[in-house]
Amino acid sequence: MRQIVYKGIDSVLHLKKIIEEYSVETVFLITGKQSYVSCGAENKMNEILANFKIERFWDFSENPKIADFYRGLTKFKNSGAQVIIAIGGGSVLDMAKLIRRFSESNIEMLNIVTDATEALESKVPLIAIPTTAGSGSEATHFAVVYINNVKHSIAHKSMLPDIVVIDPQFALNLNSKMAAISGADAFCQAIESYWSVNATNESKQYARRAIKLIINNLPVFVQHPTIQSSLNMVEAAHLAGKAINISKTTAPHAISYPMTAYYGIPHGQAVSLTLVDFLLYNFFVTEHDNVDRRGIDYVKGTFNELLEILNVKDIFQAKFQIEHFFQSIGLVLDFSNSTISTVQDIESILTNISMERLANNPRIVSYDIVKKILLSKFVLKNEIENNRSNYLDCYKNLDS
Ligand SMILES: [Fe+2]
């Protein structure tokens, strides 16, 4: 499905003309809560949409729950709106994609998980305007929803927004913590996309451009944001989104979802926690535990390309560079700032990992490996210091 993208400073001003072409009377506007005001979107949208009737949906949780979705869908159906505009972060855009996907469905009969591929296609246009530089949700055909704290990825080609407006003025107003967390998500998505078993030449090109843009712009964007660094970051997040739209994400994302659902660790922080671990783990893939159908030489080649993109001479330099990069934007790479504090917590994360995303990882991942990696995140708390040497060995030996 084709997507039209408007990009650049004040590209949001195209919006009025776009919706006029759809002969719209009522706009269904999906937004964040405070972020809608603080990023400057409210003022801008009030100006642009002054001549249209607006039905706004905004009171839903950051990691949308199924009940939020049903409320939103009911509100949309009652609104009689002819277009959906979503302006916000990944959760806002995901919510809009779900509402549009199921807008022709009978709410009473709807089962969001099983009906995803069968629901009638909606004719209501969807316009997505990301206000963070992170999820790249505007470029993907899937969305996350939590049902009883379990993450579900709902996918259908018609969930891809029809029109995207990438305007750097909104992300420019992010606070430094949000800028860091969102940017780290985009970085992890690009890296994971690169080594995913579903990666193609096209997705690798998007991911490569995203990685370079993020390395060169995220520290400035977090510490002293400029309109240029914001523009480069929203572009990078969009490219990373295009990359995972083809390749999907892998192990760090698979493991992150229970950390977010049960322990409240922000998504970008949760995925960053294990990225370097899987960089090393996947680098040491062998013929026996390789998952990629293109063979071990292809996967080894992919990792050599990745080292080249990161401009490092070996995998250990890559590890230190990425750790340093994350620390430079203020991310904490262990559990010291979280409520994950016991081995039982690790067990609970292990039982709720997304198997679907884990299957995209280029090297077989056992529960034992994930457990060792997660236990290592206690190291700075001195709780399981003795496991550290085991932990380093586990990259090389799947059965250790
Ligand atoms: Fe993500």
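It should be noted that the structure appears before, not after, this text.
Residues numbered from 1 in each chain as written. Predicted model: local features only at pLDDT ≥ 70, side-chain atom pairs only at ≥ 80, totals over all residues. Heavy atoms only, no water.

Brief notes about the overall build of the protein chain
When you go through the protein chain residue by residue, the secondary structure sums to 18 helices and 8 strands. Over its C-alpha atoms the protein chain spans a radius of gyration of 21 Å, differing by no more than 12% from the 21 Å that the globule rule assigns to 400 residues. Dimensions of the protein chain, computed from C-alpha atoms along their principal axes, come out at roughly 65 × 45 × 40 Å. In the protein chain, which comprises 400 residues, the proportion classed as buried is 60%. (Helix = DSSP H or I, 4+ residues; strand = E, 2+ residues; numbered from the N terminus. Rg over C-alpha atoms; globule rule 2.2 N^0.38 Å. Buried < 20%, exposed > 50% of the residue type's maximum accessible area, 1.4 Å probe, protein only.)

Details of empty space enclosed by the protein
Under the counting rule described, the total for this entry stands at 2 cavities of 30 Å³ or more. Those elements giving two or more residues to the lining of the largest cavity turn out to be α5 (90-101) and α9 (227-247). Examining the composition of the lining of the largest cavity, we find that 3 residues originate from one element, α9, more than from any other. In terms of residue class, the lining of the largest cavity is made up of 5 nonpolar, 9 polar and 1 charged. There are two domains that each give the lining of the largest cavity at least three residues, and those are domain 1 (4-171) and domain 2 (177-393). Taken as a whole, the second largest cavity spans an internal volume of roughly 40 Å³. As for the second largest cavity, its lining consists of Y194, W195, S196, A199, K204, D292, R294, Y298, V299, T302, F303 and P362. (1 Å grid on protein atoms, 1.4 Å probe; cavity = no way out; pocket = protein on both sides within 12 Å on 5 of 7 lines; lining within 4 Å. Points joined across faces, edges and corners; volume = space filled by probe spheres on them. Nonpolar A, V, L, I, M, F, W, Y, C, P; charged D, E, K, R; others polar. Domains from an automatic or database assignment.)

A short note on the pattern of salt bridges
In the structure shown here, the tally under the stated rule is 15 salt bridges. A salt bridge links E305 to K204, with the nearest nitrogen and oxygen atoms 3.2 Å apart. One end of the pair, E305, is in helix α13 (residues 296-310); the other, K204, is in helix α8 (residues 201-223), and 101 residues separate them in sequence. Overlapping salt bridges bring together K7, R209 and E235 as one network. (Salt bridge = Lys/Arg side-chain N within 4 Å of Asp/Glu carboxyl O.)

Overview of the coordination of the iron ion
At this site the iron ion is bound by D185 (OD), Q189 (OE1), H253 (NE2) and H267 (NE2), with donor distances of 2.2 Å. Around the iron ion, the 4 donor atoms are arranged such that angles at the metal cover 87 to 160 degrees; this shape is classified as irregular. For the iron ion, all donor residues lie on one chain, and their spacing in sequence is D-x3-Q-x63-H-x13-H. Here the residue D185 and the residue Q189 both occupy positions in helix α7 (residues 176-195), the gap between them amounting to 4 residues, near one helical turn. Like Q189, D185 is buried. (Donors = N, O, S within 2.8 Å, 3.2 Å for Na, K, Ca; no water. Tetrahedral: all angles 85-135°; square planar, octahedral: opposite > 155°, others 65-115°.)

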